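Here is how the chains run, residue by residue.
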Amino acid sequence: MEVFSNNDEGLINKKLPKELLLRIFSFLDIVTLCRCAQISKAWNILALDGSNWQRIDLFNFQTDVEGRVVENISKRCGGFLRKLSLRGCIGVGDSSLKTFAQNCRNIEHLNLNGCTKVTDSTCYSLSRFCSKLRHLDLTSCVSITNSSLKGISEGCRHLEYLNLSWCDQITKDGVEALVRGCRGLRALLLRGCTQLEDEALKHIENYCQELVSLNLQSCSRITDEGVVQICRGCHRLQALCLSGCGNLTDASLTALALNCPRLQILEAARCSHLTDAGFTLLARNCHDLEKMDLEECILITDSTLIQLSIHCPKLQALICKQEAMRDVAASPEPGDCHPSFAKLQFPCCSSHVKEARVHTPHPFREPLCDPPGKKGLVLSQKLHLEGYLKGKLIMFL
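A brief look at the structure comes next. (Residues numbered from 1 in each chain as written. Predicted model: local features only at pLDDT ≥ 70, side-chain atom pairs only at ≥ 80, totals over all residues. Heavy atoms only, no water.)

**So, the nonpolar core**
Inference 1: Counting residues in hydrophobic clusters, the biggest one holds 103 residues, and the most contacted among them are Leu86, Leu162, Ile204, Leu214, Leu266, Leu282 and Met292.
Inference 2: When neighbours within four sequence positions are excluded, Met292 is seen to be in contact with Leu266, Phe279, Leu282, Leu308, Leu315, Ala317, Leu318 and Ile319. (Core = buried A, V, L, I, M, F, W, Y, C linked by side-chain atoms within 4.5 Å. Buried < 20%, exposed > 50% of the residue type's maximum accessible area, 1.4 Å probe, protein only. Contact = heavy atoms within 4.5 Å.)

Quick look at the structure:
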């Protein structure tokens, strides 16, 4: 019995209606669809039907993808295409993306991460033809300027997610133009936009009350004033990255504690002016904290860990690099820490940290190091401690 045949009258084509075959093909990946298209003329038509190409990720083919590939895909998919990832496709430029924008006007999710040939021209095309766009990633599109943001704000008013990381030509004027038109932004990533100052954050405060996630990593000109403004206007904030913003002090933590009770993720690596006082207030007000990166916050001590363990029952991951942590003389009694604590990292622990004892009802699934001759895990300088803890108490002696 012949199921597959070069003859379009193969059994499977006789038994299954076209609509059902199309439905089956809709679950296949790109490679499989292309293989199916080579089975027969009938399957070629079915496999290349635009309805099967609503979501396309070309990352695995990035070295082979050129402009003409994107143009052909856009002509084949047309209005069916909803999601396209061209991450790492450095051969794709403005011309092919203009054709794409004209043909795929229902696109909602577009990833151009690492497409270094992309310029403002692409953003003009997206603004003109792709009004349904909700998610746009322009990471490392270094030729993008404020003009792109002005265009996006005028034509893509439904935008909810925008990643402008390392687009270092962006300034406060571009941010102002963007947020005036895209007031529904929920996630804005501005890592490495080194020209941004506090005034840019003031514009975000005024227009983006729905903001849930903000990344300001390495925006070194940002000060407490800007963070305070964000906190006052964006009370729904759940994730905030301030790593590398070296001018910040406890005033920023105070603003977060008093205005952003839903905060779940805080990254503050290399913010060397933050102290125990600020983190204590944060822990006592932001009980939903799940992940924190405090690497190179050199002024914090054991006190911060104690406050987090007491007041943040959902905390799962904490990254620190401390020289000030010595011992926990006033450590909580066993049972005071919340059992949900899952992951602890202390990269490059100094010689002050002599021993870590973990009181836990369950052993580690994987050994952290060779067991010492006594209870606890001996840590030497530069040792990475990364434990998956089910336990009740962590003590530093």
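**Concerning unusual backbone geometry**
Inference 1: If you check the backbone angles, Arg270 has positive phi at about 70° while not being a glycine.
Inference 2: On the secondary structure map, Arg270 appears in the loop between β9 (265-267) and α13 (276-285).
Inference 3: Located in the positive-phi region is Glu296, a residue other than glycine, with phi close to 65°.
Inference 4: Relative to the assigned elements, Glu296 resides in the loop between β10 (291-295) and α14 (302-311).
Inference 5: What makes Glu296 partly exposed here is its relative accessible area of 32%. (Helix = DSSP H or I, 4+ residues; strand = E, 2+ residues; numbered from the N terminus.)

**Points about the packing of aromatic side chains**
Inference 1: For the coordinates displayed, the defined rule picks out one aromatic pair.
Inference 2: Seen from their ring centres, Phe25 and Trp43 are 5.3 Å apart, and the 75° between their planes marks the pair as edge-to-face. Pair noted here: Phe25 is in helix α2 (residues 18-25) and Trp43 is in helix α4 (residues 41-47), with a separation of 18 residues, a long-range link.
Inference 3: Exposure remark for Phe25: the relative accessible area of 3% places this residue in the buried category. (Phe/Tyr/Trp six-rings, centres within 6.5 Å; stacked < 30°, edge-to-face > 60°.)

**Things to note about helix α5 (residues 67-77)**
Inference 1: Where α5 is concerned, the buried positions are Gly67, Val70, Ile73, Ser74 and Cys77. End-on, the buried residues of α5 take up no more than an arc of 130°, which puts them together on one face. Turned more than 90 degrees away from the buried face of α5 sit Arg68 and Lys75, all of them exposed.
Inference 2: Where α5 is buried, its residues touch β1 (55-57) and α6 (94-103).
Inference 3: Once α5 finishes, Gly78 follows within two positions and takes phi at roughly 55°, a positive value. (Arc of directions from axis to C-beta.)

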